[in-house]
Amino acid sequence: MDLRIFTEPQQGASYDTLLTVAKATEDLGFDAFFRSDHFMKMGDVDGLPGPTDAWITLAGLARETKRIRLGTLMTAGTFRLPGVLAIQVAQVDQMSGGRVELGLGAGWFEEEHKAYGIPFPKEKFGRLEEQLAIVTGLWETKVGETFDFHGTYYDLTDSPALPKPAQAKVPVLIGGHGATRTPKLTARYADEFNMPFASVEDSATQFGRVRAAVEAAGRKADELTYSNALVVCVGKDDQEVARRAAAIGREVDELKTNGLAGTPAEVVEKIGRYAEIGARRFYLQILDLSDLDHLELISAQVQSQLS
């Protein structure tokens, strides 16, 4: 059972803060450090000191860490041209010694596109499908050969398809609640399917759809890793849980319903319910990045029981 730390820097975090959390992630034995890919805050926070770029952040962390996996949940397809993204991810994978994973999504937050002058196309899912074909196709092209792609949205001719990642296969993550197109896209391109912020029941339904699509595509359903992303709020007792919930502006009961919240025993029990429907990896959304004691508690009293 993998526990990964998942951060939302657009809510307010400098690179130095992210580096501190990433180093704690490594020191405390977690499997990976992931971050979102957004340029504007959401909700009632100030977002200071302002946004950081996902792949610039991961490039820095690639040189400052040694063991943990590094990735995005999810890179917004609207932010980057697919050829450029393939170069960026391959370079960061080289810089990390082969520890990068690419979560890629269609992009959805229109306001941040308007704020920073980024085009927000009406048809995003079709673009995502072509982006996945291009990024994976560039990486799979043998050295000395060229890559061509002629689609509706992107056109590549005689690409040298360089550089190559350090890994023979960079893991690709696809996620979401879509009932039809998302499972089919996952079956074609993904190594992992991630269900974000969903109940055990809804996760079970979506995992079933994905498994069926994977098998229909001629792959074994168990080839994929099935994961959940959930907000986490753990305390050694009810008072500490309440304090941590208040620090992130959430109610304890709501967090217990929609996330992983409570004492370590309560959180382990709920993780077990997700495990019963096939989840093998959890992205723990940490919203208070100044509370490193929170990570220490999860490591000592949650992760230790799962391993």
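Residues numbered from 1 in each chain as written. Predicted model: local features only at pLDDT ≥ 70, side-chain atom pairs only at ≥ 80, totals over all residues. Heavy atoms only, no water.

> Now, about the pairing of strand β5 (residues 100-105): what can you tell me, with residues and values included?
Counted residue by residue, β5 has six buried out of six residues, so it is predominantly covered. Burial of β5 is two-sided: the residues V100, L102 and L104 facing one way and the residues E101, G103 and G105 facing the other way are all buried. Relative to β5, strand β3 (residues 69-72) runs parallel, the two sharing two bridges. Following the sheet pairing, G71 is matched in β5 by E101. Relative to β5, strand β4 (residues 75-76) is paired through two bridges, and the arrangement is parallel. Across the sheet, residue A76 finds its bridge partner in β5, namely G105. In this fold, the crossover linking β4 to β5 by way of helix α3 (residues 82-96) has right-handed handedness. (Buried < 20%, exposed > 50% of the residue type's maximum accessible area, 1.4 Å probe, protein only. Helix = DSSP H or I, 4+ residues; strand = E, 2+ residues; numbered from the N terminus. Pairing = 2+ DSSP bridges. Right-handed = clockwise from strand over helix to strand, strands pointing away.)

> Go over the side chain of E240 with me, naming the residues and quoting the values.
Tracing the backbone shows E240 in helix α8 (residues 238-247). You can call E240 buried: its relative accessible area is 12%. For E240, the contacting residues outside a window of four places in its chain are G235 and L297. (Contact = heavy atoms within 4.5 Å.)

> Outline the nonpolar core, supporting the account with residue identities and numerical values.
Among the nonpolar cores identified, the biggest contains 74 residues, and W55 and I298 are the most heavily contacted of them. Element by element, the count of residues in this core is highest for helix α5 (residues 125-140), at eight residues. With eight residues, the next largest nonpolar core counts A32, L73, M74 and A229 among its residues. (Core = buried A, V, L, I, M, F, W, Y, C linked by side-chain atoms within 4.5 Å.)

> With reference to specific residues and values, describe the packing of helix α10 (residues 264-276) against helix α11 (residues 292-306).
With their axes 10 Å apart at the nearest point, α10 and α11 run at an angle of 40° to one another. One finds that α10 runs oblique with respect to α11. Of the two possible hands of crossing, α10 and α11 adopt the one that is right-handed. Taken together, the residues of α11 that come into contact with α10 (itself represented by P264, V267, V268 and I271) are L297, Q301, V302, Q305 and L306. (Axes fitted to C-alpha atoms, helices over the stretch in contact; angles between N-to-C directions. Parallel < 35°, antiparallel > 145°, perpendicular 65-115°, else oblique. Left-handed = near helix turned anticlockwise from the far one by under 90°.)

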